[in-house]
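Here are the chains, one letter per residue:
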Amino acid sequence: MRKYIFLLIMILCSLALQANKPHIINLYREYYHADNKNWAIGQDEKGMIYFGNDRGLLQFDGIEWRLSELPNSSILRSLAVQSHNTIFTGGYEEFGRWDRDISGELVYTSLSSDIDKTLFGNDDFWKIWIDSAGVYFQSFNSIYIYDYETVKRIPFDSGFLFLMKVRDEYLVQRMRGPLYRLSGTELEEIGGSDIFKDTDIRVILPYEEDKYLIGTATQGLYIYDGETFTVWNKSLSAVINPKELNCGIYTSYGTYMLGTILDGIYEVDTEGNILNHISAVNSLQNNTILSLFEDNLHNIWVAMDRGVAYVHYIENMDCYTAPRGNTPAIYDALMWNEKLFLATNQGVFYLYEKELEQPNTLNNLRLIEGTQGQSWQLEMIDGKLYCCHNRGLKQILPNLQIRDEYAIRTGVYNISNLNLHNKERIILSTYSSVRIVDPTTGEVSTPAKPREPIMTVITDHLGNVWLEHFNKGVYRCRLNSDLTDIESYTYYGGDSNDGLPYKLKIFKVGGRIVLHGNDQFFTYDDIENRIIPSTLLNNCFENIKGIKNIVPISNDTFWALGNTSVYKFKYDGYEATILENYTFDISLLLVNNYENASQLNESNTLICLDNGFLIYKALGVSHYEKSKKLKRPYLDVLQATNIDGDKQCKNLDEFAKIAYQYNTITFHFSSQDIFSSNVLFQYKLDQVDHNWSEGEKINKISYARLPAGEYRFLLRTVDKLGNTSEPVIYEFEVLSPWYLTGWAYASYVLLTMLIFYIVWALVLRRYRNLHLQKIRARETKRLKRLAGKLQTELELKNAELLTQTSFIIQKNELIMKIKDIIDNFQKGKSTRNLEPLTQKIDLLLNNVDTEGDWKTFLIKFEEKHKDFFKKLKAMYPQLTSSDLRLCACLKLNLESKEIASLMNLSVRAVENSRYRLRKKLYLKPSQNLNEFILDL
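Residues numbered from 1 in each chain as written. Predicted model: local features only at pLDDT ≥ 70, side-chain atom pairs only at ≥ 80, totals over all residues. Heavy atoms only, no water.

Draft legend 1. Quick look at the overall build of the protein chain. Scanning the protein chain from terminus to terminus reveals 10 helices and 65 strands. Counting only residues that meet the buried cut, the protein chain has 51% of its 936 residues in that class. Total accessible area computed for the protein chain in this model is approximately 44500 Å², and 50% of it derives from carbon and sulfur atoms. (Helix = DSSP H or I, 4+ residues; strand = E, 2+ residues; numbered from the N terminus. Buried < 20%, exposed > 50% of the residue type's maximum accessible area, 1.4 Å probe, protein only. Areas by Shrake-Rupley, 256 points an atom, 1.4 Å probe, with all protein chains shown as cover.)

Next up, the structure:
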């Protein structure tokens, strides 16, 4: 009869498994949505598990639960997984598909939105199947086929129950009627299936090569060979019929898992014999099983009316557990007289060996009267069964009576034979010291030292007696020749300050002592008389932490025990190799700090638990797990995030180029092996990480603010033995920021050149300006000298002009005075003799060359006021030469009297000339003629 271990993942469940058949249970409280009603289960090629749930589509990758809800938040009754990227689901008046986008989110598309809802009004879709022809959606009223382009309805004049797929064939029962075979879009009635008209067919499974196992809700199970229906195992039907069969699967182990509405799961073999019964009495959240599914690792998932369970099989381990508090903690075990004796914290119990093969094994435990209390060890010595007990050493007689042995008067941890100096003794480790018993006389010797609680006593090949302290260190002792006292001892570990771990465990390999503490192994070097590290064992267990005890199986085979893990290893003093390992979860714990395993016989080992026990059955040649190759993990999503939290997802099928502002990178990943509690993820990002990370139970890793550059991300799985998978490698590039791109560098070069040019131009301009300033300074000096010279010349010319003008005026005035004098002289005296003289003088005065004086004046004037006459003539062409002369006199700011003298006119004539000039110059009455001429 096959017995397995199963790992039960129960959401919001507080029960452990009570033994009816060997199983293991682990409990979780991770995601409240899984505690709802779960209708269907599926799995994709990456190992992701999906549940059709009251809340929607629930995903679980072994680490994280995620819920995807329908647009109307309705129930999902059925699902079928085509791939990691496509899942089909059905629910209330709705069926469709989910497609995974680049961000890893599932996006729903309805396939029933364009179908007349009256065809399936108030109806749920209960089954979905996928094959090469398309996807089949079945409700109680209709069957639809989706060929990935269109949806077609299969016409039928009656309702359906459940569409079943067996091998490549579809079978469906008409509601309360016969069974039909679906071929394409045609339904063909199966002859003889009228026997099911008064019941519901809930299960159709493959049986043998070409037969079918048909399970009904209340009418039992049948075998259909293609022609006739035959009742299968009436006794099984009698058990299941009252429980109402609801679902079932055929497992890869060759057994059937049958889920019921009222009483959980029954596992049966191909003959219909019940192997296991899992129910709310011993493990499940409730008894209503809605769906069963076997994953790609051959483990069983259970969808219940409340919660989800996960059944994990290990073929060479049987489990006998019960809810904590109902079963005592097991400390040791021994098989004797076809009975299994168990030393527990409540006393010594026993059960018959044959009862290990029966359901509810632990219900048959019987307490041996007189052993109530803490029992530590069971040991056969000279054909006698001894129990090391809290109240001393007790012998269990064949008739199960109890007899106190020897006068120990304290609690006893351990008993063993002692053969030294050709003498045989029994040595006991007790609560206060060791006791040495002479079995022939019954005399008990108590060594004077050490007076400490001793847990274990082992003798090595040199005759040293090693004592393991209950809490700290070990003693290496030498006994006297009478074997009654300890002559000398050396203390190691504890508070000896020798550098060894405080607490040490001892065991023996080939007669030699090996010590273990703080996850390190040590051995005694008898030549150097000191404790040294054991290189072989430390290398063997370098990746394993938390070892609490080492228990021998044979001379060179041992169990290494932790709180939740056990390792079978081989060590002969020359080579150390781990042969097998088993890791359990929180619901299956070894007794903390008292981890132990008992060798029942050559092939079976009992592993003690705090709520039962495991029985390991060797399969012959142990598989060498160090050579185990794990499956490669999967990269699911590459997500890039900026400082504002905006996200971009990249296609993992392409080399990703990531903008610099999105340089926080997150990888999401998964593995088919993740549902093994022994598997962890390791990762490494080249150019950032120098070594692989420590193994972690995670499904994503982020790298924040990566610098620009090309990167290579590596991901692999690893177990506690150091076995690894092939790494997944993904390369990507974080692009340079805009200010470090080629265009930016080209701009920087151009800008630099421009700056250099501007600086060069400015410097050149500065030097040019300096040069010009020097030139200008020199020129200014020259011009100043020239200006001074010109000013001197101008002043000279002004002086000459003034002198010339004054000279002409004075000359004219003199002449006029002379003329006036002559005129006055003639008027006063009429002398004829002077008349000729007077005429000559008048002639001379009238012939004075005034025109020559004017020319000289005008030359001098033109030298000072260059082009004055030319410009004035151009502006006022109507001016005469007399007008021009008057303008020259006005330019010199001469008064009318001076002008009259200069022009040899009367003052009145000058005023008249001024008047005429104003008209010719078109001056207004308000304008001053002198100012106008001066401003020209």
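From this point, things continue past the structure.
Draft legend 2. Structural detail: the environment of D200. Note on placement: D200 falls in the loop between β18 (186-189) and β19 (201-207). Discounting chain neighbours no more than four positions away, the residues touching D200 are L161, Q173, R176, G215, T216 and A217. (Contact = heavy atoms within 4.5 Å.)

Draft legend 3. Spatial organisation of the side chain of D123. Mapped onto the elements, D123 comes out in the loop between β10 (106-110) and β11 (125-131). Although D123 is buried, it makes no salt bridge; R153 carries the closest opposite charge, 8.4 Å away. Apart from the residues lying within four places of it in its own chain, the contact partners of D123 are G91, Y92, E93, S139, F140 and N141. (Lys, Arg positive; Asp, Glu negative; His and termini not counted. Salt bridge = Lys/Arg side-chain N within 4 Å of Asp/Glu carboxyl O.)

Draft legend 4. Geometry of the packing of aromatic side chains. A full pass over the atoms with the stated rule returns 67 aromatic pairs. Geometrically, the ring pair formed by F95 and F125 is edge-to-face, given 4.7 Å between the ring centres and 65° between the ring planes. Residue F95 is located in strand β9 (residues 94-100), and its partner F125 is located in strand β11; the two are separated by 30 residues in the primary sequence. Owing to a relative accessible area of 0%, F95 belongs among the buried residues under this scheme. (Phe/Tyr/Trp six-rings, centres within 6.5 Å; stacked < 30°, edge-to-face > 60°.)

Draft legend 5. Geometry of the packing of helix α7 (residues 881-891) against helix α9 (residues 907-920). Where α7 contacts α9, the two axes come as close as 10 Å, and the packing angle between them is 100°. Classified by the angle their axes make, α7 and α9 are roughly perpendicular. On the side of α7, the interface is formed by D883, L886, C887 and L890, while α9 contributes S913, R914, L917 and K920. In terms of residue class, the contact of α7 with α9 is made up of four nonpolar, one polar and three charged. (Axes fitted to C-alpha atoms, helices over the stretch in contact; angles between N-to-C directions. Parallel < 35°, antiparallel > 145°, perpendicular 65-115°, else oblique. Nonpolar A, V, L, I, M, F, W, Y, C, P; charged D, E, K, R; others polar.)

Draft legend 6. How the structure looks around the pattern of salt bridges. For the structure shown, the criterion picks out 24 salt bridges. In this structure, the salt-bridge partner of D636 is K46, at a minimum N-O distance of 2.9 Å. Placement of the pair is D636 in strand β58 (residues 634-641) and K46 in the loop between β3 (38-43) and β4 (49-53), with a sequence separation of 590 residues. With a closest N to O distance of 3.4 Å, K211 and E208 form a salt bridge. Look at E208 and you get exposed, because its relative accessible area is 55%. Via salt bridges that share partners, R176, D200, R202 and E244 belong to a single interconnected network.

Draft legend 7. Local environment of the pairing of strand β17 (residues 179-183). Burial of β17 is extensive: four of the five residues sit out of reach of the surface. In terms of strand pairing, strand β16 (residues 169-174) meets β17 through four bridges, oriented antiparallel. Residue pairing across strands places V172 opposite Y180, the latter belonging to β17. Taking the residues between adjacent antiparallel strands as the criterion, β16 and β17 are bridged by four residues, where R176 takes a positive phi near 55°. (Pairing = 2+ DSSP bridges.)

Draft legend 8. Broad picture of unusual backbone geometry. Cis geometry is found at the peptide bond from K449 to P450, where omega equals -5°. Within the secondary structure, P450 is located in the loop between β42 (444-445) and β43 (454-459). Unlike most non-glycine residues, N337 shows phi in positive territory, near 55°.

Draft legend 9. Fine view of the nonpolar core. Counting residues in hydrophobic clusters, the biggest one holds 35 residues, and the most contacted among them are F51, W301, F667, F713 and F732. Core analysis: the next-biggest nonpolar cluster, separate from the first, contains 25 residues, W854, L884, L923 and I933 among them. (Core = buried A, V, L, I, M, F, W, Y, C linked by side-chain atoms within 4.5 Å.)

Draft legend 10. Here's a closer look at the environment of V81. Mapped onto the secondary structure, V81 falls in strand β7 (residues 76-83). Separated by 17 residues in the primary sequence, V81 and W98 have C-alpha atoms spaced 9.6 Å apart. Beyond its immediate chain neighbours, meaning those up to four positions away, V81 contacts G42, Q43, D44, Y50, T86, I87 and I130.

Draft legend 11. View of the sheet that holds β17. Strands sit in the order β15-β16-β17-β18 across an open sheet of four strands; the sheet is antiparallel. Looking at which strands have only one partner, the edges of the open sheet turn out to be β15 (160-166) and β18. The sheet shows a mean angle of 30° between the axes of neighbouring strands, direction not considered. The sheet contact formed by β17 and β18 spans four bridges and is antiparallel. If you follow S183 over to β18, its bridge partner there is E186.

Draft legend 12. Representation of the sheet that holds strand β29 (residues 308-311). Within the open sheet, the three strands sit side by side as β27-β28-β29. Their pairing is antiparallel. One side of each edge strand has no neighbouring strand; the edge strands of this open sheet are β27 (289-294) and β29. Neighbour-to-neighbour, the strand axes of this sheet turn through a mean angle of 15°, independent of strand direction. Summarising the sheet, strand β28 (residues 300-304) and β29 pair through four bridges and their orientation is antiparallel. Looking across to β29, one finds that W301 is bridged to Y310.

Draft legend 13. The arrangement of α7 in detail. Across the 11 residues that make up α7, a large majority, nine, are buried. Within α7, burial applies to D883, L884, R885, L886, C887, A888, C889, L890 and K891. Directly after α7, the chain includes N893, whose backbone phi takes a positive value near 60°.

Draft legend 14. Just the pairing of strand β44 (residues 465-469), in detail. Counting buried positions along β44 gives five out of five residues, so the element sits mostly inside the fold. Of the strand pairs in this sheet, β43 and β44 are connected by five bridges, and their pairing is antiparallel. Looking across to β44, one finds that T456 is bridged to E468. Hairpin connection between β43 and β44: a loop of five residues separates the two successive antiparallel strands, and G463 in this loop has a positive phi of roughly 85°.

Draft legend 15. Quick look at the packing of helix α6 (residues 868-875) against α7. Relative orientation of the contacting elements α6 and α7 amounts to 125°, with a least axis distance of 11 Å. As summarised for this structure, α6 and α7 are arranged oblique, according to the angle between their axes. Taken as a pair, α6 and α7 cross one another with a handedness that is right-handed. Contacts between α6 and α7 involve F868, F869 and L872 from the first element and L884, C887, A888 and K891 from the second. Residues that form the contact of α6 with α7 fall into these classes: six nonpolar, no polar and one charged. (Left-handed = near helix turned anticlockwise from the far one by under 90°.)

Draft legend 16. Focus on a nonpolar patch on the surface. On the surface, a nonpolar cluster with roughly 1100 Å² of combined accessible area is contributed by L751, L754, I755, Y757, I758, V759, W760, L762, V763, L764, Y767 and L770. Following the sequence through the fold, L762 ends up in helix α3 (residues 742-828). (Patch = residues over 30% accessible without salt bridge, like charges linked within 9 Å, V, L, I, M, F, W, Y side chains within 5 Å.)

Draft legend 17. Region of the structure containing the side chain of E294. By the secondary structure assignment, E294 is in strand β27. Of the polar contacts made by the side chain of E294, one reaches the side chain of H298; its length is 3.5 Å. Once you skip the residues sitting within four places of it in the chain, E294 turns out to touch I249, Y250, T251, S252, Y253, N299 and I300. (Polar contact = N/O pair within 3.5 Å; in protein donor to acceptor, adjacent residues only side chain to side chain.)

Draft legend 18. Fine view of the environment of I486. By the element assignment, I486 lies in strand β46 (residues 486-492). Given the relative accessible area of 12%, I486 is considered buried. Along the primary structure I486 and P450 are separated by 36 residues, whereas in three dimensions their C-alpha atoms are 8.4 Å apart. Excluding its chain neighbours within four sequence positions, the residues that come into contact with I486 are V434, P447, K449, P450, L467, C477, R478 and L479.

Draft legend 19. Highlighting a negative patch on the surface. The grouping of E209, D210, D225 and E227 at the surface amounts to a negative patch. In this fold, E209 is placed in the loop between β19 and β20 (211-216). A relative accessible area of 74% places E209 in the exposed class. (Charge placed at Lys NZ, Arg CZ, Asp CG, Glu CD.)

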